[in-house]
Amino acid sequence: MNQYSSIINHQSSICLFPGSFDPFTLGHADVVERALQLFDEVVIAVGINEQKAGWIPVEERVRAIRILYKEQARVRVESYSGLTTDFAHSIGAKAILRGVRSIKDFEYEMQMADVNRQLTGIDTVVLFTDPRYASLSSSLVRELAHFGKDITAFLPEGYKASPPTPLSKGRGGSLRQ
Ligand code: ADP
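If you're wondering where the values come from, they're calculated on a predicted model, not measured in any experiment.

1. Concerning the site of the ligand
Turning to step 1, where the next piece is worked out: In the vicinity of the ligand, 16 residues are found, and the nearest of them are Ser-20, Phe-21, Gly-99, Thr-129 and Tyr-133.
Turning to step 2, where the next piece is worked out: Interatomic distance of 2.6 Å between a backbone N/O atom of Gly-99 and an oxygen atom of the ligand.
Turning to step 3, where the next piece is worked out: Separating an oxygen atom of the ligand from a side-chain N or O atom of Glu-109 is a distance of 3.4 Å.
Turning to step 4, where the next piece is worked out: Contact with the protein chains removes 84% of the 550 Å² of surface that the ligand exposes when unbound.
Turning to step 5, where the next piece is worked out: Contributing elements (two or more residues each) for the shell around the ligand: β1 (14-19), α2 (26-35), β4 (95-100) and α5 (103-120).

2. A closer look at the pairing of β1
Turning to step 1, where the next piece is worked out: Counting buried positions along β1 gives 6 out of 6 residues, so the element sits mostly inside the fold.
Turning to step 2, where the next piece is worked out: Where burial is concerned, the two faces of β1 agree: the one with Ile-14, Leu-16 and Pro-18 and the one with Cys-15, Phe-17 and Gly-19 are both buried.
Turning to step 3, where the next piece is worked out: Bridge analysis of β1 against strand β2 (residues 41-47) gives 6 bridges, and the strand direction is parallel. In the sheet register, Ile-14 faces β2, and the bridge partner there is Glu-41.
Turning to step 4, where the next piece is worked out: Traced from β1 through α2 to β2, the parallel crossover comes out right-handed.
Turning to step 5, where the next piece is worked out: The pairing of β1 with β4 spans 2 bridges and is classified as parallel. Counterpart to Leu-16 in the pairing with β4 is Ile-96.

3. With respect to unusual backbone geometry
Turning to step 1, where the next piece is worked out: The residue after Asp-22, namely Pro-23, is reached through a cis peptide bond having omega 5 degrees.
Turning to step 2, where the next piece is worked out: As for its placement among the helices and strands, Pro-23 is situated in the loop between β1 and α2.

4. What about the side chain of Thr-25?
Turning to step 1, where the next piece is worked out: By the element assignment, Thr-25 lies in the loop between β1 and α2.
Turning to step 2, where the next piece is worked out: Exposure remark for Thr-25: the relative accessible area of 2% places this residue in the buried category.

5. A word on helix α6 (residues 138-146)
Turning to step 1, where the next piece is worked out: Turning to α6, its buried residues number three or more, namely Ser-138, Val-141 and Ala-145. Here the buried residues of α6 occupy an arc of 60 degrees about the axis, which is enough to place them on one side.
Turning to step 2, where the next piece is worked out: Here the buried face of α6 lies against α2.
Turning to step 3, where the next piece is worked out: Downstream of α6 by a residue or two, Gly-148 has a phi angle that is positive, lying close to 75 degrees.

6. Remarks on the environment of Gln-11
Turning to step 1, where the next piece is worked out: Structurally, the position occupied by Gln-11 is in the loop between α1 (5-8) and β1.
Turning to step 2, where the next piece is worked out: Separated by 29 residues in sequence, Gln-11 and Asp-40 have C-alpha atoms that sit 9.4 Å apart.

7. Some thoughts on α2
Turning to step 1, where the next piece is worked out: Along α2, 7 of the 10 residues are buried, which leaves the element largely enclosed by surrounding structure.
Turning to step 2, where the next piece is worked out: Restricting attention to buried positions, one finds in α2 the residues Gly-27, His-28, Ala-29, Asp-30, Val-31, Val-32 and Ala-35.
Turning to step 3, where the next piece is worked out: Contacts from the buried residues of α2 go to β1, β2, β3 (75-80), β4, β5 (123-128) and α6.
Turning to step 4, where the next piece is worked out: The opening residue of α2 is Thr-25, an N-cap whose side-chain oxygen sits 3.2 Å from the backbone nitrogen of Gly-27.

Reading guide: rules and limits
- Residues numbered from 1 in each chain as written.
- Predicted model: local features only at pLDDT ≥ 70, side-chain atom pairs only at ≥ 80, totals over all residues.
- Heavy atoms only, no water.
- Near = heavy atom within 4 Å.
- Polar contact = N/O pair within 3.5 Å; in protein donor to acceptor, adjacent residues only side chain to side chain.
- Areas by Shrake-Rupley, 256 points an atom, 1.4 Å probe, with all protein chains shown as cover.
- Helix = DSSP H or I, 4+ residues; strand = E, 2+ residues; numbered from the N terminus.
- Buried < 20%, exposed > 50% of the residue type's maximum accessible area, 1.4 Å probe, protein only.
- Pairing = 2+ DSSP bridges.
- Right-handed = clockwise from strand over helix to strand, strands pointing away.
- Arc of directions from axis to C-beta.
- Contact = heavy atoms within 4.5 Å.

Put into structure tokens, the structure is as follows:
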């Protein structure tokens, strides 16, 4: 650090955390918390999949995640359609952020990161999961909810006040226990 560093680094660094977040879990929240140590701003972006409605409607996912971060000015929550890299450029993101739990995640993320960087120059920052959340996935949470199990242990505290409402049909039960 010198007298010029604040001038040189005046541009705030934004990272884009794209995903389905159906639902947003403690594993996702941990990645966001840690990314806030590395970037000035984290934009959580729920990808709209035209082919798949998902369990919780996209607007509901966005609403619920926004409530979780209402006190955190450095986190924004959006939805987007189309290519992740296009959205990343449109918000001026310096990097794409992803989480990795396993070799399977690793291989997938490496391939995506490689293609994205070659095509658009945008790099991907990967955070390895905290071991507490290594087995946690949104699909596991949906599966448990489908069978009427209590899933609150896998979701951020803030969800308790205003949990997102899933679509009644599809694989998944209620988030309200
Ligand atoms: P996608 O459909 O894009 O994989 P997800 O919502 O399932 O969307 O995941 C978004 C990102 O969060 C992915 O990079 C995924 O690997 C990561 N992720 C999901 N669960 C965890 C977890 N428990 N720990 C760390 N990273 C996770």
